[in-house]
Amino acid sequence: MTKRREEDRERTKEKVLFVIGKLITVIQAVMAVLTVVLLKQAELLPDKMVILAAVVLAALTVVFALLMKRKIRIVRFVIGLVLAVLVSAGLGFTDLKLYELTHTLQQITDTTEETTRVGVYVLAEDEAQSIRDMEDYTFGILETQAREETDNVVLQINEDLGAEIGTVAFPDAAGLADALLGGDCGAMILNEGFIGMITETEGYEEFESQIREVAYYEWTTQIAQPEEPAEEITPINEDGIFTVYISGIDTFGAVSTRSRSDVNIMAVVNTNTRQVLLISTPRDYYVPLSISGGVRDKLTHAGIYGVDVSKDTLAMLYGIDIDYYFRVNFSGFEKLIDSLGGVTVQSDYTFDAGGYHYEKGANHLNAEEALAFARERYSFAEGDRQRGRNQMAVITGVINRMLSPAVLNDFSGLMEGLEGSFESDIPYDGLAGLVRMQLSDGGAWNIVTYSVDGTGKRASTYSMSSSVYVMEPDQDTVDHAKELISQVENGGTLVQE
């Protein structure tokens with residue numbers, strides 16, 4: 001009887017283990033299928049790698065099923081069970097990371113909105129603490145520039161107060177600042193991007209400390225898109241050529257905020273020849289904006305009116321179509337460098353900036369060091385022109401680091417935490433196509449940089465009628481930049497000058 005009970009217990013035990021083995025095998029198979037589906041949807045791996053992953057996972061499922069088959073051998077069963085559980089857990093973690101990665105990339109790419117932030121300002125010593133305290137004030141506004149957004153704020157204030165406020169218009173930001181400082185208006189309504197522009201003007205250096213923001217109004221607007229979208233970026237395009245406007249705005253916080261663009265670099269890319277041409281245009285370049293009706297302004301001021309204005313202004317200058325934009329601010333730049341584990345940049349000079357020291361030649365920089373390197377201009381005889389070259393050196397370092405096997409193999413780790421740090425309208429499938437191409441083919445890219453030149457002078461601008469420092473373009477350097485662009489587009493090989 002005892003022997004019979006033992007046999008019954010063994011059979012029961014075998015049945016239980018069999019059920020557990022089947023359940024674990026099914027879970028592992030489901031996780032394997034989900035992983036392959038997510039890999040395919042992410043579009044980041046070449047098809048051959050996805051197929052290889054599917055074959056390996058299928059083979060593992062079969063092996064685990066055999067180890068935990070009906071004729072139970074306890075050692076074999078335990079080995080199969082442990083391996084299946086570990087693989088299932090690993091696949092679950094991988095699936096989560098793949099989902100997070102694709103979600104982040106989709107948030108970064110295909111961006112069609114940007115944030116406009118307009119402040120209501122009074123003198124620093126003014127006692128007003130809210131809009132309600134200012135209902136009897138006269139509000140200074142700009143006569144024509146950014147008038148639509150100003151009118152939106154006036155309507156909102158009228159709605160908040162239940163009455164119409166008095167307004168007085170001034171021809172430009174400097175005149176508006178003078179009116180507030182001189183008492184010709186009690187408050188002013190102005191896009192926050194103009195404050196920095198006023199402060200950098202001679203005679204207004206203390207302006208930001210002389211005023212106080214009482215309230216602000218913020219909303220999102222659609223970024224203008226071409227009627228016919230540019231060809232998608234994939235390595236199998238007939239020409240494989242696209243151009244990206246890289247904008248670095250002068251703010252911390254939300255990258256979508258309209259602000260002056262201090263970094264203005266075009267990246268012209270030929271994926272077939274693996275050529276990348278980076279062209280830097282100084283922030284003070286004196287050019288017509290796409291919205292100014294031929295009136296010239298500093299290039300940096302274009303960003304106040306929207307990233308599309310900056311992009312279109314550069315397209316006008318170089319006589320090309322710019323397909324996409326990529327925008328980053330200071331905080332996003334630091335997060336990107338941190339995520340890469342730092343970057344190596346080539347410095348043309350030995351200098352000190354921001355409390356850091358840089359040697360001529362290769363420098364491995366962390367986020368704070370890289371930001372100080374990219375922002376410095378006073379250490380150089382060529383000022384902003386050398387700053388543009390340094391910015392391109394940082395971008396070159398970022399590209400080289402991102403193309404390294406260590407980063408590509410942990411692409412999800414790179415993307416983790418970067419959502420909201422930068423934005424672009426590059427299509428998701430285009431970006432994924434570039435990652436697939438690099439993982440599949442490998443190989444180095446030839447990155448060449450060029451900076452257009454000019455001569456400093458003082459002149460009035462579209463945004464500021466008072467005399468400000470600008471850079472008169474050197475047309476010979478602009479024409480040479482056009483020649484370099486043509487070489488890339490025609491499949492030529494560039495040589496660093």
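Cut-offs and rules
- Residues numbered from 1 in each chain as written.
- Predicted model: local features only at pLDDT ≥ 70, side-chain atom pairs only at ≥ 80, totals over all residues.
- Heavy atoms only, no water.
- Salt bridge = Lys/Arg side-chain N within 4 Å of Asp/Glu carboxyl O.
- Helix = DSSP H or I, 4+ residues; strand = E, 2+ residues; numbered from the N terminus.
- Buried < 20%, exposed > 50% of the residue type's maximum accessible area, 1.4 Å probe, protein only.
- Pairing = 2+ DSSP bridges.
- Right-handed = clockwise from strand over helix to strand, strands pointing away.
- Axes fitted to C-alpha atoms, helices over the stretch in contact; angles between N-to-C directions.
- Expected span 1.5 Å × (residues − 1).
- Arc of directions from axis to C-beta.

## Some remarks on the pattern of salt bridges
Stage number 1. Inspection of every chain in the model, using the stated rule, returns 18 salt bridges.
Stage number 2. Here Glu200 ties to Arg283 by a salt bridge, and the two come within 3.2 Å at their closest N and O atoms. Highlighted residues: Glu200 in the loop between α6 (193–199) and α7 (207–210) and Arg283 in the loop between β8 (275–280) and β9 (286–288), separated in sequence by 83 residues.
Stage number 3. We classify Glu200 as partly exposed; its relative accessible area is 33%.

## What to know about the pairing of strand β2 (residues 138–142)
Stage number 1. For β2, a buried count of four out of five residues is recorded, marking the element as mostly surrounded by other parts of the structure.
Stage number 2. Judged from the five bridges that link them, β2 and strand β3 (residues 166–170) form a sheet pairing that is parallel. Following the sheet pairing, Thr138 is matched in β3 by Gly166.
Stage number 3. Each parallel crossover has a hand, and for β2 linked through helix α4 (residues 147–161) to β3 it is right-handed.

## Here's the deal with the environment of Val63
Stage number 1. Inspection of the secondary structure assignment puts Val63 in helix α2 (residues 47–67).
Stage number 2. Between the C-alpha atom of Val63 and that of Leu83, which follows or precedes it by 20 residues, the distance is 10.0 Å.

## Topic: unusual backbone geometry
Stage number 1. If you check the backbone angles, Ala146 has positive phi at about 50° while not being a glycine.
Stage number 2. Along the polypeptide, Ala146 turns up in the loop between β2 and α4.
Stage number 3. Not every positive phi belongs to a glycine, and Arg274 is a case in point at roughly 55°.
Stage number 4. One can find Arg274 in the loop between β7 (261–270) and β8.
Stage number 5. The buried category is assigned to Arg274, whose relative accessible area is 15%.

## Things to note about the sheet that holds strand β16 (residues 422–424)
Stage number 1. Read across the sheet, six strands follow the order β16-β11-β6-β7-β8-β17 without closing on themselves; strand pairing throughout is mixed. Each edge of the sheet is formed by a strand with only one pairing partner; in this case those strands are β16 and β17 (446–451). With direction set aside, neighbouring strand axes in the sheet form an average angle of 20°.
Stage number 2. Of the pairings in the sheet, the one linking strand β6 (residues 241–249) to β7 comprises nine bridges and is antiparallel in character. Opposite Tyr245, over in β7, you have Met266 as the bridge partner.

## A few points about α2
Stage number 1. For α2, spanning 21 residues, the distance from its first C-alpha to its last is 30 Å, which sits close to the expected 30 Å at 1.5 Å a residue.
Stage number 2. Burial in α2 covers these residues: Val50, Leu57, Thr61 and Phe64. Along the long axis of α2, the arc covered by the buried residues comes to 70°, so they all point the same way. Exposed side chains of α2 directed beyond 90 degrees from the buried face belong to Lys48, Ile51, Leu52, Val55 and Leu66.

## Here's the deal with the pairing of β6
Stage number 1. With eight of nine residues buried, β6 lies mostly within the body of the structure.
Stage number 2. Where β6 lies against strand β11 (residues 324–328), five bridges are found, and the strand directions are parallel. Counterpart to Ile246 in the pairing with β11 is Phe326.

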